[in-house]
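Structural overview for review
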Amino acid sequence: MSGPAAWHLAACQYPVTFLADLASYRRKIESLVSEAATAGARLLLFPEYGAMELASLLASREPQDLRRQLDALQDLLDFARREGILPGVVRELREKYRL
């Protein structure tokens, strides 16, 4: 009887930056996933603060106000879920990198 299959795990050292647009965020995430997958990772852990850089895409007043950031980011997440954006991106990355 063989033991359980080995899984390679990667933890992302996530650099928070100001984003030009949502496409640049997607490219950044894909680049990090690609790097981890190329190194053999089957699971990549992102820090919980990673999505906070999306606040740089918000109206100029919101990035300076945490409550406004959280409300605006929740609205963005709700929109993405309604439109099926998040599951689609996850599915694309999983298929592309065979995760």
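What comes next is a walk through the structure. (Residues numbered from 1 in each chain as written. Predicted model: local features only at pLDDT ≥ 70, side-chain atom pairs only at ≥ 80, totals over all residues. Heavy atoms only, no water.)

Before going further, it helps to examine the overall build of the protein chain. Regarding its fold elements, the protein chain presents three helices and two strands. Mapped in sequence order, the helices and strands of the protein chain form the string β-α-β-α-α. Split into buried and exposed, the 99 residues of the protein chain put 26% on the buried side. In the protein chain, once contacts between residues fewer than 6 apart in sequence are set aside, the share between residues at least 24 apart is 61%. Within the structure as shown, the protein chain displays about 7500 Å² of accessible surface, and the carbon and sulfur contribution to it stands at 56%. (Helix = DSSP H or I, 4+ residues; strand = E, 2+ residues; numbered from the N terminus. Buried < 20%, exposed > 50% of the residue type's maximum accessible area, 1.4 Å probe, protein only. Contact = heavy atoms within 4.5 Å. Areas by Shrake-Rupley, 256 points an atom, 1.4 Å probe, with all protein chains shown as cover.)

What follows concerns the side chain of Ser24. Turning to its location among the elements, Ser24 is positioned in helix α1 (residues 22–38). In this structure Ser24 comes out as buried when scored by relative accessible area, which is 15%. Within the local environment of Ser24, its side chain forms a polar contact with the backbone oxygen of Asp21, the two atoms lying 2.6 Å apart. (Polar contact = N/O pair within 3.5 Å; in protein donor to acceptor, adjacent residues only side chain to side chain.)

Summarising the element assignment, His8 is placed in the segment before β1 (9–11). With near-sequence residues (within four places) excluded, His8 lies in contact with Gly40, Ala41, Arg42 and Leu43.

With that settled, consider the packing of aromatic side chains. Counted under the stated rule, the structure contains one aromatic pair. Here Tyr14 and Phe46 contribute two aromatic rings whose centre-to-centre distance is 6.0 Å and whose plane-to-plane angle is 70 degrees, an arrangement assigned as edge-to-face. Remark: Phe46 occurs in the loop between β2 (43–45) and α2 (66–83) and Tyr14 occurs in the loop between β1 and α1; sequence separation between them is 32 residues. (Phe/Tyr/Trp six-rings, centres within 6.5 Å; stacked < 30°, edge-to-face > 60°.)

The final tally for this structure, using the stated rule, is one salt bridge. In this structure, Glu53 engages Lys28 in a salt bridge whose closest nitrogen and oxygen atoms are separated by 2.8 Å. With Glu53 in the loop between β2 and α2 and Lys28 in helix α1, this residue pair connects regions lying 25 residues apart in the sequence. Each member of the pair Glu53 and Lys28 is classed as buried. (Salt bridge = Lys/Arg side-chain N within 4 Å of Asp/Glu carboxyl O.)

With that out of the way, let us pick up the nonpolar core. By size, the foremost hydrophobic cluster in this structure holds nine residues: Cys12, Tyr14, Leu19, Tyr25, Ile29, Leu32, Val33, Leu54 and Leu73. At four residues, α1 tops the list of elements feeding residues into this core. With sequence-adjacent residues up to four places away left out, Tyr14 is seen in contact with Tyr25, Lys28, Ile29, Leu32, Phe46, Pro47, Tyr49, Gly50 and Glu53. (Core = buried A, V, L, I, M, F, W, Y, C linked by side-chain atoms within 4.5 Å.)

The next subject is the side chain of Glu53. Looking at Glu53, the relative accessible area reads 2%, which means it is buried. A distance of 2.8 Å separates a polar side-chain atom of Glu53 from the backbone nitrogen of Thr17. Of note is the side chain of Glu53, whose polar atom sits 2.8 Å from the side chain of Lys28. Among residues more than four places away in sequence, those in contact with Glu53 are Tyr14, Pro15, Val16, Thr17, Leu19, Tyr25 and Lys28.

Nothing here speaks to function; it is geometry throughout.
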